[in-house]
Amino acid sequence: MNNLEKWRLILGKFSKQNLNMDLSQDNLVVEMLLDSVYDSEYSNGKGMYGRESSGVIVIKNLKNVQRILDQDIVNKIATDAFETYGMYEIIADDNYLKNAKADIDLLQNLIMYKEYTKEEDRSKIKYKIRQIANEIKKELMMEIDLSKVGTINKSSSSKYNRSKVIDVKKTIEKNIRNYIKEEEKLYVEDIYFYPNKAKNKPADIVLVVDCSGSMVKSLIYVAIVSSIFYNISDIDINIVLFDTRIVNLSEIKDDPINILLDVQLGGGTDIASALAYSRNLIKRPDKTIFMIITDLFSEETSMLKEFQEVKNTGVKTLVFTGIEEDSNSYYNSNFAKRLVKIGIPVEGVTVKELANYIKGALK
């Protein structure tokens, strides 16, 4: 594609006359996609394409350019379509889910926009959410050595390598479908390991997580990290989610990754109320780590009062302003300084650092 063709695509079909050029058949297909997305800037996505919604038209056009454009470019256009122009049908499209890069950014978008899709599409979106979250979890577990956290707990097991001890019975049961009678061989796809049991009664952990829209990536990482430690025996991890509402997940009986499947992100934030509520979960102050993940944007007078009340219990209190890949996050830095003055540390952390904070509490 020469520079003149690129400018024609950038400027749109109405530049055809001034540029005095026609596009190749492939580039006409690309132009059709660009028009279906970015012409929404002028039409609000209405009335341009007959009875079909703009999102459905874009899905068709995205498929048509798969063989022409680099996949990263296709993904960027698709992301613009639903993030900027509200064409939410795209995130439920099988072709998009198959080809989009399965990373934290896709996971974040699926969680943020799943409620805007049709009810019948949400099951496959939730399947993709779980799939990506588990992949991130497996990658993180390879970086964190849990083999020395405690003794082996043989009351349950999972296919994640939390220890060196294989649950032979469960491994055979889960792979028996792969037994080839003619060869008399069992082909093993998944190996199940016993999780570790803490050697001593560890510190209790209270995780209080801001679920306002700006904190969604931190919520994802909290759910994944909690999932890693959740089934280790005798560890008491309490999870409280909040925006202007408060949801106590302390009695959750399954993988905390399930949080991501049904969480509804809010707009406002009431940190003071979340602190007042979560303070009641502190049963052994001298053996509890109280972690709150928030950007600290809330009403400051009541928030400072409640932080002081938490600290007065004697619990070890940590404030994480966000969980990012590089520990950099946007937060209320002026209020953070007030917390530091009363002895509460405030910092941004990476997902690995958060995992190591929890791991350190188990030793």
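Residues numbered from 1 in each chain as written. Predicted model: local features only at pLDDT ≥ 70, side-chain atom pairs only at ≥ 80, totals over all residues. Heavy atoms only, no water.

Chemist: Looking at this model, I keep getting lost on the overall build of the chain. Mind explaining?
Modeler: For the chain, the helix and strand inventory stands at 16 helices and 10 strands. The buried share among the 363 residues of the chain stands at 50%. Taking the intrachain contacts of the chain between residues at least 6 apart in sequence as the baseline, contacts between residues at least 24 apart amount to 72%. Of the roughly 18800 Å² of accessible surface on the chain, a fraction of 49% belongs to carbon and sulfur atoms. (Helix = DSSP H or I, 4+ residues; strand = E, 2+ residues; numbered from the N terminus. Buried < 20%, exposed > 50% of the residue type's maximum accessible area, 1.4 Å probe, protein only. Contact = heavy atoms within 4.5 Å. Areas by Shrake-Rupley, 256 points an atom, 1.4 Å probe, with all protein chains shown as cover.)

Chemist: So what exactly am I meant to see when it comes to the nonpolar core here?
Modeler: Generally speaking, soluble globular proteins have nonpolar side chains that are buried together. Ranked by size, the top nonpolar core spans 76 residues in total, and within it Ile90, Tyr96, Leu107 and Leu241 carry the most contacts. When residues in this core are grouped by element, the largest group, 10 residues, is from helix 11 (residues 216-229). Beyond its immediate stretch of four places on either side in the chain, leucine 107 contacts Ile129, Ile132, Ala133, Ile136 and Ile220. By size, the runner-up hydrophobic cluster in this structure holds 22 residues, among which are Ala274, Phe290, Phe307 and Val346. (Core = buried A, V, L, I, M, F, W, Y, C linked by side-chain atoms within 4.5 Å.)

Chemist: I would appreciate a short explanation of the sheet that holds strand 10 (residues 346-350) in the present structure.
Modeler: Either a parallel or an antiparallel arrangement is found when strands of a sheet pair, and the pairing is made through backbone hydrogen bonds. With mixed pairing, the 6 strands of this open sheet are ordered in space as 7-6-5-8-9-10. In this open sheet, the two strands that pair with only one neighbour each are strand 7 (246-248) and strand 10. Going from strand to strand, the sheet's axes swing by 25° on average, the running direction of each strand aside. As paired elements, strand 9 (residues 316-324) and strand 10 share 4 bridges and run parallel to each other. Note on strand 10: the bridge partner recorded for isoleucine 323 is valine 349. (Pairing = 2+ DSSP bridges. Axes fitted to C-alpha atoms, helices over the stretch in contact; angles between N-to-C directions.)

Chemist: I tried to follow helix 6 (residues 71-83) on my own but got confused; where do I start?
Modeler: The periodicity of an α-helix, 3.6 residues per turn, causes residues three or four positions apart to be oriented the same way. For helix 6, built from 13 residues, the straight-helix expectation of 18 Å at 1.5 Å per residue is met to within 8% by its first-to-last C-alpha distance of 18 Å. By the burial criterion, the buried members of helix 6 are Val74, Asn75, Ile77, Ala78, Thr79, Asp80, Ala81 and Phe82. For helix 6, the capping residue at the N-terminal end is aspartate 70, with a side-chain oxygen 2.9 Å from the backbone nitrogen of aspartate 72. (Expected span 1.5 Å × (residues − 1). Polar contact = N/O pair within 3.5 Å; in protein donor to acceptor, adjacent residues only side chain to side chain.)

Chemist: In this structure, what is going on with helix 13 (residues 271-278)? I would like to understand it.
Modeler: For helix 13, every residue scored as buried is listed here: Ile271, Ala272, Ala274, Leu275 and Ser278. An end-on view of helix 13 places all buried positions within 165° of arc, on one side of the element. Next to the buried residues of helix 13 lie strand 5 (204-210), strand 6 (237-242), strand 7, strand 8 (288-293) and helix 14 (300-312). (Arc of directions from axis to C-beta.)

Chemist: Honestly, the pattern of salt bridges in this entry has me stumped. Any pointers?
Modeler: Tallied over the entire structure, the rule returns 18 salt bridges. Aspartate 80 is paired through a salt bridge with lysine 76; the nearest N and O atoms lie 2.8 Å apart. Of this pair, aspartate 80 and lysine 76 both sit in helix 6, separated by 4 residues, roughly a single helical turn. In this structure, aspartate 262 and lysine 126 form a salt bridge, with 2.7 Å as the shortest nitrogen-oxygen distance. (Salt bridge = Lys/Arg side-chain N within 4 Å of Asp/Glu carboxyl O.)

Chemist: Quick question: what am I supposed to make of the pairing of strand 5 here?
Modeler: A regular strand carries its side chains on alternate faces of the sheet. In terms of burial, strand 5 is largely enclosed, as 7 of its 7 residues are buried. With burial as the criterion, each face of strand 5 is covered, one bearing Asp204, Val206, Val208 and Asp210 and the other bearing Ile205, Leu207 and Val209. Looking at chain direction, strand 5 and strand 8 are connected through 6 bridges and run parallel. Residue pairing across strands places valine 209 opposite isoleucine 293, the latter belonging to strand 8. Here strand 5 pairs with strand 6 via 6 bridges, running parallel. For valine 209, the partnering residue across the bridge sits in strand 6 and is leucine 241.

Chemist: Can you walk me through the environment of aspartate 105 in this structure?
Modeler: Assignment of secondary structure puts aspartate 105 in helix 8 (residues 104-113). Classification of aspartate 105 by relative accessible area gives partly exposed; the value is 41%. Distance from aspartate 105 to lysine 217, taken between C-alpha atoms, is 8.3 Å for residues 112 residues apart in sequence.

Chemist: Hey, could you run me through the packing of helix 9 (residues 122-143) against helix 11 in this one?
Modeler: If you want to describe how two helices pack, look at the angle between their axes and the distance between the axes. Taken N-terminus to C-terminus, the directions of helix 9 and helix 11 make an angle of 60°; their axes are 10 Å apart at the nearest point. In terms of their interaxial angle, helix 9 and helix 11 are classed as oblique. Crossing geometry of helix 9 relative to helix 11 is assigned as right-handed. Mapping the contact onto sequence places Ala133, Ile136, Lys137, Leu140 and Met141 in helix 9 and Tyr221, Ile224, Val225, Ser227 and Ile228 in helix 11. Looking at side-chain class alone, the contact of helix 9 with helix 11 contains 8 nonpolar, 1 polar and 1 charged residues. (Parallel < 35°, antiparallel > 145°, perpendicular 65-115°, else oblique. Left-handed = near helix turned anticlockwise from the far one by under 90°. Nonpolar A, V, L, I, M, F, W, Y, C, P; charged D, E, K, R; others polar.)

Chemist: Looking at this structure, I do not really get a nonpolar patch on the surface. What am I missing?
Modeler: Side chains of Ile166, Val168, Ile172, Ile176, Tyr179, Leu186, Val188 and Ile191 sit close together on the surface and give an oily, nonpolar patch of about 660 Å² of accessible area. The topology assignment puts leucine 186 in strand 3 (residues 185-186). Its relative accessible area of 32% is what places leucine 186 among the partly exposed residues. (Patch = residues over 30% accessible without salt bridge, like charges linked within 9 Å, V, L, I, M, F, W, Y side chains within 5 Å.)

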